[in-house]
Amino acid sequence: MDAPNQHSTTDELARAMVRILADGRAGTIEDAVDTALRDLRLPPSTRRPTRASLRAHAQAIEESEEGQLGRMLRIEATLQEILLILACLEELVIAEDPEGCDLPPPEVYGRAVRGHFDLDPVVHLRVVTSLSQSSIAQALVDRGFAEPSFDAAVTRYGRMDRVSFETELAMYRILRVPPRMQVDPDRDVVRGDRVEHLGFSALSGRIPRFPAQ
């Protein structure tokens, strides 16, 4: 008998979490859960919404405030920004890496390939190069992006350098793959699952085009 109430509570929690993330009151979904539970005075045992549910709520809220066209224009702008970063990375590798012309081009991975930026717009990219993190960072800064931060990702292949920075549209995480490291480009470097990925040309073909208003 309490199933409908439980469903309603989960939806209420999802809406609160989306608002908290949108307002910048939490940086992660896990933090948003804790904040929403406190705001709504719900017990810690409350059923958590799925990520799919959270993204659906985020999409619905954005479309109610900005309209469907507004949301689609944001997606288009984010894809265009990804293309700019891919071009920047490819130009850097070709110009400065001694083996640049023989290396695979940088690519974008995961949900961003499908233009899924609702809720937590994190864009993952990979660049195969022997160039340093600082060289990658300088190229990005020269293009007008914010000063990146550096860390290392623990992967199935060992530790890999990672360059991260944020724009108004998304958080970007660029994984630097050493050319001599035998990394399967079709699989997630942590879990080993198959993962979608696209380079500049293929991604540019997926950008929606809208008539001028």
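**Examining the pattern of salt bridges**
Part 1 of the argument: Inspection of every chain in the model, using the stated rule, returns 12 salt bridges.
Part 2 of the argument: With a closest N to O distance of 2.6 Å, Arg74 and Glu62 form a salt bridge.
Part 3 of the argument: The class of Arg74 is partly exposed, set by a relative accessible area of 21%.
Part 4 of the argument: The salt bridge partner of Glu63 is Arg71, with a shortest N-O separation of 3.6 Å.
Part 5 of the argument: Glu63 gets classed as partly exposed once you look at its relative accessible area, which sits at 24%.
Part 6 of the argument: By relative accessible area, which is 9% here, Arg71 ends up buried.
Part 7 of the argument: One continuous salt-bridge network, built from bridges that share partners, spans Asp188, Arg191 and Asp193.

**As for the packing of aromatic side chains**
Part 1 of the argument: Summed over the entire model, instances satisfying the criterion amount to two aromatic pairs.
Part 2 of the argument: For the ring pair Phe145 and Phe165, a centre distance of 5.3 Å and an interplane angle of 50 degrees mean the geometry is tilted. With Phe145 in the loop between helix H4 (133-142) and strand E3 (149-155) and Phe165 in strand E4 (residues 158-166), this pair connects stretches of sequence that are 20 residues apart.
Part 3 of the argument: Overall, the relative accessible area of 10% leaves Phe145 in the buried class.

**A short note on unusual backbone geometry**
Part 1 of the argument: A positive phi angle, near 55 degrees, is found at Arg41, a position not held by glycine.
Part 2 of the argument: By secondary structure assignment, the location of Arg41 is in the loop between helix H2 (29-40) and helix H3 (51-96).
Part 3 of the argument: Arg41 sits in the exposed class, given a relative accessible area of 78%.

Definitions and cut-offs
Residues numbered from 1 in each chain as written. Predicted model: local features only at pLDDT ≥ 70, side-chain atom pairs only at ≥ 80, totals over all residues. Heavy atoms only, no water. Salt bridge = Lys/Arg side-chain N within 4 Å of Asp/Glu carboxyl O. Buried < 20%, exposed > 50% of the residue type's maximum accessible area, 1.4 Å probe, protein only. Phe/Tyr/Trp six-rings, centres within 6.5 Å; stacked < 30°, edge-to-face > 60°. Helix = DSSP H or I, 4+ residues; strand = E, 2+ residues; numbered from the N terminus.

Geometric descriptors of this kind do not, in isolation, establish any biological role.
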